[in-house]
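# Descriptive structure summary
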Amino acid sequence: MLQTAGCFRHASNLEARENIVKDYLQCYIIYRNHFAIQRFKDGLATLNFLTALEQHPTELQDFMCYTEKKLMASNLEQIFRVELSTVGSNRRRDECRISGYLSDYLLDCEEQETAVSLEDVLMFATGLRSLPPAGIQPQPSMEYFSSSQFPTANTCGRLSYADNYEFKSAMEFGIKNSPGFGCI
């Protein structure tokens with residue numbers, strides 16, 4: 001590898017060895033990937049995106065650079081579009097009550113008073129380990145039904161919650177006993 005990179009030479013002391021390592025890393029990281037980086041820059045330049053990125057780097061930083069943000073209960077509540085029944089119906093009243101249960105449950109998760117974390121709830125509902133910087137499109141929906149005691153989620157972006165009196169334990173059981181879209 002050193003010979004291919006043009007760094008194969010005798011190291012008589014520690015400084016010479018460090019120079020060989022430095023030259024090899026430069027060759028491996030910079031020169032080896034130069035064409036891929038140049039093609040990426042050319043692709044960004046096709047719609048003048050590269051120019052905009054160079055002129056306004058802080059404006060696009062949230063979309064181009066990963067930053068780990070602490071997941072909060074309010075984040076989870078905002079990502080779902082809630083599908084409620086007709087206003088004034090008995091079902092709508094029950095769904096509003098369950099919405100309160102869910103809000104309380106998410107706050108308990110945030111304060112680590114449950115067996116699951118907010119990340120577990122996000123994984124259960126969407127299959128994501130963290131929220132993407134640009135958000136989730138299409139926005140997942142949430143609906144309420146009474147045919148099951150436990151919450152269910154599917155790949156169509158629907159998260160369903162059952163109406164029951166043991167909401168917290170049913171949520172924990174449902175989330176802990178789901179495979180998380182096959183991700184462990």
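Residues numbered from 1 in each chain as written. Predicted model: local features only at pLDDT ≥ 70, side-chain atom pairs only at ≥ 80, totals over all residues. Heavy atoms only, no water.

### Overview of the packing of helix α7 (residues 118–126) against helix α8 (residues 167–176)
To be explicit about the condition: Every axis corresponds to a line fitted to the C-alpha atoms, with the helix fit spanning only the stretch in contact, and the corresponding angles, defined between N-to-C directions, vary from 0 to 180 degrees. Strands are runs of DSSP state E lasting at least two residues, helices are runs of H or I lasting at least four, and both sets are numbered from the N terminus onward. Oblique is the label for every angle not falling under 35 degrees (roughly parallel), over 145 degrees (roughly antiparallel), or within 65 to 115 degrees (roughly perpendicular). For a crossing to be left-handed, the near helix must be turned anticlockwise from the far one by less than a right angle; the clockwise case is right-handed. It only takes one pair of heavy atoms within 4.5 Å for two residues to be counted as in contact. Only Asp, Glu, Lys and Arg are considered charged in this grouping, and only Ala, Val, Leu, Ile, Met, Phe, Trp, Tyr, Cys and Pro are considered nonpolar; every other residue, Gly among them, is considered polar.
At a closest axis distance of 10 Å, the pairing of α7 and α8 adopts a crossing angle of 65 degrees. Comparing the axis directions of α7 and α8 gives the class roughly perpendicular. As for how α7 packs across α8, the hand of that crossing is left-handed. Contacts between α7 and α8 involve D120, V121 and F124 from the first element and G174, I175 and K176 from the second. Across the contact of α7 with α8, the residue classes break down as 3 nonpolar, 1 polar and 2 charged.

### With respect to the confidence of the model for the chain
Note the threshold: pLDDT measures the predictor's confidence residue by residue and takes values from 0 up to 100.
Put simply, the chain has an average pLDDT of 79, and 83% of its residues get 70 or more. The element-level mean pLDDT for the chain is lowest in strand β4 (residues 158–162), coming to 55, with helix α3 (residues 49–55) highest at 89.

### Considerations on the environment of R81
The condition is simple: Working definition: with a 1.4 Å probe on protein chains only, accessible area under 20% of the residue-type maximum means buried, over 50% means exposed, and in between means partly exposed. Distance and chemistry together define a polar contact, namely a pair of N or O atoms within 3.5 Å, with one atom able to donate a hydrogen and the other to accept it when in protein, and with adjacent residues in sequence counting only for side-chain atoms on both sides.
With respect to the helices and strands, the residue R81 is situated in strand β1 (residues 81–83). The partly exposed category is assigned to R81, whose relative accessible area is 40%. On a C-alpha basis, the gap between R81 and E143 in space is 8.7 Å, while along the polypeptide they are 62 residues apart. With sequence-adjacent residues up to four places away left out, R81 is seen in contact with Q139, P140, S141 and M142. Side chain to side chain, R81 and E83 meet in a polar contact 3.0 Å long.

### Quick look at the pattern of salt bridges
Heads up, the condition is: Whenever Lys or Arg places a side-chain nitrogen within 4 Å of a carboxyl oxygen from Asp or Glu, that contact is recorded as a salt bridge.
Considering all chains together, one arrives at 6 salt bridges under this definition. Between R81 and E83 there is a salt bridge whose closest N-O contact spans 3.0 Å. E83 gets classed as partly exposed once you look at its relative accessible area, which sits at 27%. R97 serves as the salt-bridge partner of D94, at 3.1 Å between the closest nitrogen and oxygen. Of this pair, D94 and R97 both sit in helix α6 (residues 90–110), 3 residues apart, which is roughly one turn of that helix. Under the relative-accessibility criterion, D94 is labelled partly exposed at 21%. Under the relative-accessibility criterion, R97 is labelled partly exposed at 31%. Through salt bridges that share partners, R93, D94 and R97 make up one connected network.

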